[in-house]
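# Summary of the model geometry
So the chains spell out like this:
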Amino acid sequence: MKKFIYILFVGVPLTLLSSCADLLDEKNYGNPTIEEMMTNPENVALMVGQVYADLKWVHDHWGYWGVSSLTSDECITPVRMPGEHWLDSYYWKRLHNHDWNWMGDAFKNIWNSTISGAVLCNKLLSTLDEYKAAMPELMYKQYVGELEVMRSYYYYLLFDCFGRIPYLESFSVAESQPLLDATEVWSKLVMCLEKNAPNMALVKSDADRKLNYGRVTQGFAYALLARLYLNAESFGCTPDNIALTDKFYEENPSVVRIASPTEFYTNAVRCCDKIIDAGSYSIESDFFANFKIHNETSKENIFVIVENGLESEDA
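None of the values given here were measured: they were computed from a predicted structure. (Residues numbered from 1 in each chain as written. Predicted model: local features only at pLDDT ≥ 70, side-chain atom pairs only at ≥ 80, totals over all residues. Heavy atoms only, no water.)

### Topic: the overall build of the protein
The condition is simple: Helix and strand labels come from DSSP, where a helix needs a run of H or I of at least four residues and a strand needs a run of E of at least two; each type is numbered from the N terminus. Residue burial considers only the protein chains on display, and all accessible areas are found by Shrake-Rupley using a 1.4 Å probe.
Secondary structure assignment for the protein yields 12 helices and two strands. Secondary structure of the protein in N-to-C order comes out as α-α-α-α-α-α-α-β-β-α-α-α-α-α. Carbon together with sulfur atoms contributes 57% to the accessible area of the protein, which is approximately 19,700 Å² in total.

### With respect to the pattern of salt bridges
Test applied: Note on definitions: salt bridges are taken to be side-chain nitrogens of Lys or Arg within 4 Å of carboxyl oxygens of Asp or Glu. Residue exposure (1.4 Å probe, protein chains only): buried if accessible area is under 20% of the type maximum, exposed if over 50%, otherwise partly exposed.
Evaluation of the coordinates by the stated rule reveals nine salt bridges. Arg164 is the partner of Asp181 in a salt bridge, and the nearest nitrogen-oxygen pair spans 3.4 Å. With Asp181 in the loop between strand S2 (179–180) and helix H8 (182–196) and Arg164 in the loop between helix H7 (137–162) and strand S1 (165–166), this pair connects stretches of sequence that are 17 residues apart. A relative accessible area of 45% means that Arg164 is categorised as partly exposed. Across the pair Glu194 and Arg270 runs a salt bridge whose closest N-O atoms are separated by 2.5 Å. Here Glu194 is found in helix H8, whereas its partner Arg270 is found in helix H12 (residues 262–277), with 76 residues between them in sequence. Arg270 shares its class with Glu194; the two are buried.

### Section: the confidence of the model for the protein
How we decide: The pLDDT value expresses, per residue, how confident the predictor is, ranging between 0 and 100. Contact definition: two residues touch when any of their heavy atoms are within 4.5 Å.
The share of residues in the protein with pLDDT of 70 or more is 85%, and the mean pLDDT across the chain is 85. Contacts of residues 1–21 to residues separated by more than four positions or lying in other chains number zero contacts, the stretch itself having pLDDT below 50.

### Looking at helix H3 (residues 41–48)
Rules: Directions from the helix axis toward the C-beta atoms define the arc.
Taken as a whole, H3 has its buried residues at Val44, Ala45, Met47 and Val48. Down the axis of H3, the buried side of the element spans an arc of 160°, and every buried residue falls inside it. Opposite the packed face of H3, turned more than 90 degrees from it, sit the exposed residues Glu42 and Leu46. The inward-facing, buried residues of H3 contact helix H6 (105–130) and H7.

Next comes the structure, spelled out in structure tokens:
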């Protein structure tokens, strides 16, 4: 009896190994080169999608949203008792009273996250340029436009908070980056957005809305342009100190030449009309539909930040 059990114990594994032998044979399909990978639109889309990661900090109360909201009459952070929860050494009260200093953590977070996002955009633009020959021309232009517009948004957030900022349009290692005057930064942002806006993805259907959910589009580019034109004077811009050249106006004939402050607002209206006339967006009958967890079908949202709702740094 013991011998019979022993034979079964040995025989079963041998049978299994014999029947699985073909499955263990390795088939080497080869390793695709970077050039080959860059011909696949899905690969390029995933690579470009990395630039949206740092946006999760934009609407954090320790980031851009907190600074822009708590310093205005839009909101205030109450102290919750007992234990003085949310007091945070009077940090939020100082923001609300405009009594902050350079050591504020929110300002540091804004600086680090926006610079990081802009540098990553430049890095990926460099990668696209390096492998340009491996991609169809239309695909190359599409993703270059997306990266340049996204870079403009990161710089805009930094610019809106600090005015004079480092601004680079190429990926390079530099020991120091000069701080550009606010009017020069404003001009660079406007030139970049005006160049790319007409060629950005246009939302015309629910399928377009789903495809471009969480990504910058033509509507986003014109909305950001409208904000820059509308607030130009508050940034210290005048017709005499901005750097919009004759060449810029020749290459962008739809832009109204800025000869007086009035043209800042004329161009803001033009950009808003571009959004309205495209027919891509409309006011939702249910206001709260725009803020649902699954708001992919909202026809009112021009741009959303996609996240999984977790509070960890890996969210």
